Amino acid sequence: MKLAPRPIIFQKRNVPLFVVPVLCALACVLIYAIPGKEPLFRDSRILAVAVLEDPSGDLTIEDVTARPNHFKQQQTPQILKGHTRSTFWIRCTLGVPTQGDATDYLEIASANLDEIKAYFGTREIRAGIREPHWGDTIHSFSWFFPISPIVDRRELVYVQVRSSDVIKLPLSVVTDEEMMLKTQRMIGFFGALFGMLAAIVLVNLFSFFVLRERYFLLNAISLLFFMIYELLQQGFPLGILYRLPFFASNAILWIAFGAFGISIFLFSRRVLRFERRIPLVYAVTVIFMSLFVGETCLGIFGSVYMANSVLAPLMCASSGLMLGATYYLYAKGHQTSRYFLYAWAILFTMSLIKGFQVTAKSQFWLSGVSMVNSIVFALFFTFSIFDLIRLEIAEKDRLKERERYYRALSNIDALTGLYNRRYLGEIVAQMEKDNEMPPISTLIMIDLDNFKNVNDTYGHLIGDIILTKMSSTIKKHIRKSDIACRYGGDEFLVFLPGAQLEIAQSIAEDIRSDIAGSVNYSEKGEEILGSVSLGVTESRVEETFDGMFLRADAALYQAKKLGKNQIAFL
């Protein structure tokens with residue numbers, strides 16, 4: 001005889017504890033080891049770099065030229081100052097001009113500088129993302145200032161910079177050919193990475209339209225906003241977008257960041273079901289989504305400097321929370337969180353890289369690693385959806401097969417639609433025979449209070465309606481892996497394989513409060529208030545199901561003795 005399919009049981013799994021440390025260690029190696037040698041003056045064709053910090057931001061070119069002793073000499077043509085409100089003046093001289101027809105450019109390899117003023121003798125060139133007109137300046141991952149052939153290379157060149165983001169200023173002189181070659185390589189490298197990210201977005205959108213799963217749409221939206229944010233952050237050439245007023249382009253950047261944070265939290269909460277599994281994390285995610293909204297408003301309407309300062313800590317805290325929550329679920333045996341575990345580990349590592357960017361010597365490696373990580377985490381989020389669908393399809397197939405088998409054997413109670421006593425006995429006996437009984441399970445025994453009086457007073461038809469409503473309430477609150485049956489008369493049993501006492505307690509309280517808060521009506525319109533008493537128990541070591549059943553029955557008797565509408569535990 002073909003046996004009934006087993007109920008789905010969550011088993012604890014061996015979690016790869018090394019995942020997070022390895023990823024974080026890899027991030028540190030990439031940040032500190034890969035950048036390699038210090039940039040040299042002879043390579044950059046920049047000579048005698050000195051820096052003057054202007055905390056007030058009020059100094060003019062006349063002021064700084066009159067204060068030559070206030071400048072501090074630099075050992076390299078790369079200037080790292082971190083997050084600061086100060087304005088910085090860089091003084092340097094240019095190397096020997098390129099022979100031939102080539103045009104030289106002063107390159108400042110930092111995409112998101114707010115304001116730049118370069119002074120070649122008496123000529124002033126303005127640029128920066130806050131500057132509405134750039135003139136001859138070229139912006140493509142770096143800022144390129146044309147150096148006129150008539151500029152005396154022995155004269156001092158002054159550059160004033162101000163940024164609400166990290167001050168990271170690698171200086172060099174390049175030819176127009178070198179500028180084109182470098183730009184082409186950067187566009188090719190980052191274009192390929194953004195192309196992969198765009199392909200993942202399209203896969204999610206296509207999957208949404210084909211499979212009608214909203215998870216794909218949420219994931220596509222979050223990745224799309226992330227891509228927009230990264231495009232603007234990396235300084236990718238976007239043509240007309242960079243010619244927008246600063247307020248507009250800045251608003252697009254922060255809206256994209258905030259929308260990404262909110263959508264990724266909504267997506268994770270929906271897939272991992274934090275509301276049921278970890279209510280505390282569910283509540284904390286609401287706080288973090290509010291913080292992302294606040295960060296967006298701060299970046300648009302408040303201080304961009306402050307928004308950039310708190311961005312990395314916010315990303316680290318939020319991704320760290322989600323990493324811990326997904327790790328907890330995976331350790332508890334929830335298969336749907338396995339790809340999320342790796343995805344949030346990658347995102348957490350990206351947040352650390354963002355936080356360490358002040359000390360990173362190579363902006364290229366920093367940006368490249370961040371982009372590669374973004375593709376990996378996007379893939380893992382997409383894998384998690386397909387894995388969830390696979391598990392849901394497999395579970396639905398098992399449920400359908402089990403339902404057909406139960407109905408064929410008349411294992412369904414005709415009135416309530418729950419399993420009957422015969423099925424519970426068969427499935428428990430088979431699980432004990434095959435040694436498949438989970439080490440921890442719980443049992444809930446439920447009895448309607450004063451049900452005999454209801455039958456005697458209002459008739460059996462009203463009693464049947466109450467029993468049917470009772471079964472619907474039980475179905476609403478139990479998990480798919482739980483087995484609920486009508487044990488006899490007005491008694492019900494709910495067997496929760498693999499569930500601890502806390503889960504059974506929560507389900508029992510939901511059933512009790514739901515019944516206590518409902519009202520039934522007689523044929524004459526009289527109100528009938530109902531309640532239930534429940535006995536809950538957890539399995540013990542080397543105990544049979546019969547032993548657990550007797551203890552649940554005793555707990556139910558105790559609940560009745562305490563005054564009914566109670567839950568008792570033994």
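Residues numbered from 1 in each chain as written. Predicted model: local features only at pLDDT ≥ 70, side-chain atom pairs only at ≥ 80, totals over all residues. Heavy atoms only, no water.

**Q** Requested: an account of the environment of Ser 207, with residues and values cited.
**A** Note that Ser 207 resides in helix α4 (residues 176–211). Of the residues examined, Ser 207 reaches a relative accessible area of 7% and is grouped as buried. Taking the C-alpha atoms as reference, Ser 207 lies 9.5 Å from Phe 386; in sequence the two are 179 residues apart. Excluding residues within four positions of it along the chain, Ser 207 makes contact with Arg 212, Phe 216 and Phe 386. (Helix = DSSP H or I, 4+ residues; strand = E, 2+ residues; numbered from the N terminus. Buried < 20%, exposed > 50% of the residue type's maximum accessible area, 1.4 Å probe, protein only. Contact = heavy atoms within 4.5 Å.)

**Q** Go over the sheet that holds strand β3 (residues 78–83), please, and point to the residues and values.
**A** Pairing is antiparallel in the open sheet, where 5 strands are placed in the order β3-β11-β5-β9-β8. At either margin of the open sheet sits one strand with a lone partner, and together these are β3 and β8 (138–140). Sheet twist, expressed as the mean angle between neighbouring strand axes with direction ignored, is 25 degrees. Pairing of β8 with strand β9 (residues 142–147), which is carried by 3 bridges, proceeds in the antiparallel orientation. Bridge assignment links His 139 to a residue of β9, and that residue is Trp 143. (Pairing = 2+ DSSP bridges. Axes fitted to C-alpha atoms, helices over the stretch in contact; angles between N-to-C directions.)

**Q** Could you give an account of helix α6 (residues 246–272), with specific residues and numbers?
**A** The end-to-end C-alpha distance of α6, which contains 27 residues, comes to 39 Å, matching closely the 39 Å that a straight helix rising 1.5 Å per residue would cover. Counted residue by residue, α6 has 20 buried out of 27 residues, so it is predominantly covered. Where α6 terminates, the next one or two residues include Arg 273, which has phi positive at roughly 55 degrees. (Expected span 1.5 Å × (residues − 1).)

**Q** Tell me about the packing of aromatic side chains, residues and numbers included.
**A** Under the criterion given, the structure shown has 27 aromatic pairs. Taking 5.3 Å as the distance between ring centres and 45 degrees as the angle between the ring planes, the aromatic pair formed by Tyr 229 and Phe 257 counts as tilted. Of the two residues, Tyr 229 is situated in helix α5 (residues 214–234) and Phe 257 in helix α6; the sequence distance between them amounts to 28 residues. Classification of Tyr 229 as buried rests on a relative accessible area of 6%. Taking relative accessible area as the criterion, Phe 257 reaches 2% and is therefore assigned buried. Positioned over the ring face of Phe 71 is Arg 91, at 4.5 Å from the centre of the ring. (Phe/Tyr/Trp six-rings, centres within 6.5 Å; stacked < 30°, edge-to-face > 60°. Lys NZ or Arg CZ within 6 Å of the ring centre and 35° of its normal.)

**Q** Describe in detail the sheet that holds strand β4 (residues 87–94), supporting the description with residues and values.
**A** Read from one edge of the open sheet, 6 strands run β2-β1-β4-β10-β6-β7, paired in antiparallel fashion. Only two strands of the sheet have a single neighbouring strand rather than two, namely β2 (72–73) and β7 (123–127). Relative to strand β10 (residues 157–162), strand β6 (residues 115–120) runs antiparallel, the two being bridged by 6 bridges. Among the inter-strand pairings, Tyr 119 is bridged to a residue of β10, identified as Tyr 158.

**Q** I'd like a rundown of the packing of α6 against helix α8 (residues 279–301), residues and numbers included.
**A** Contact geometry for α6 and α8: axes closest at 8 Å, N-to-C directions at 175 degrees. Compared by their axis directions, α6 and α8 come out roughly antiparallel. On α8, the residues that touch Phe 247, Asn 250, Ala 251, Trp 254, Ile 255, Phe 257, Gly 258, Gly 261, Ile 262, Phe 265, Leu 266 and Arg 269 of α6 are Tyr 282, Thr 285, Val 286, Phe 288, Met 289, Phe 292, Val 293, Glu 295, Thr 296, Gly 299, Ile 300 and Phe 301. The residue makeup of the contact of α6 with α8, split by class, is 16 nonpolar, 6 polar and 2 charged. (Parallel < 35°, antiparallel > 145°, perpendicular 65-115°, else oblique. Nonpolar A, V, L, I, M, F, W, Y, C, P; charged D, E, K, R; others polar.)

**Q** Go over empty space enclosed by the protein, please, and point to the residues and values.
**A** Unfilled space is identified by rolling a water-sized probe across the atoms. Considering all chains together, one arrives at 5 cavities of 30 Å³ or more under this definition. Considered as a void within the structure, the second largest cavity measures approximately 130 Å³ in volume. Contributing to the lining of the second largest cavity are 15 residues, with Leu 448, Ile 466, Asn 520, Gly 530 and Ser 531 lying nearest its centre. For the lining of the second largest cavity, the secondary structure elements donating two or more residues are α13 (451–458), α14 (460–477) and β17 (527–529). Here the lining of the second largest cavity gets 3 residues from one element, more than from any other, and that element is α14. Its residues assigned to classes, the lining of the second largest cavity comprises 8 nonpolar, 5 polar and 2 charged. (1 Å grid on protein atoms, 1.4 Å probe; cavity = no way out; pocket = protein on both sides within 12 Å on 5 of 7 lines; lining within 4 Å. Points joined across faces, edges and corners; volume = space filled by probe spheres on them.)

**Q** Would you mind going over the side chain of Asn 308 in detail, with residue names and values included?
**A** Mapped onto the elements, Asn 308 comes out in helix α9 (residues 304–331). Taking relative accessible area as the criterion, Asn 308 reaches 9% and is therefore assigned buried. Filtering out sequence-adjacent residues up to four positions away, Asn 308 remains in contact with His 83, Ser 164, Asp 165 and Trp 254.

**Q** Lay out the pairing of β9 with the relevant residues and their values.
**A** Of all 6 residues in β9, 6 are buried, a share of seventy percent or more. Of the two faces of β9, the one lined by Ser 142, Phe 144 and Pro 146 and the one lined by Trp 143, Phe 145 and Ile 147 are each fully buried. Alignment of strand β5 (residues 104–108) against β9, held across 5 bridges, turns out to be antiparallel. Looking at the pairing, Asp 104 lines up with Ile 147 of β9. Where β8 folds back onto β9 in an antiparallel hairpin, the turn is made up of 1 residue, including Phe 141, whose phi is positive at roughly 70 degrees.

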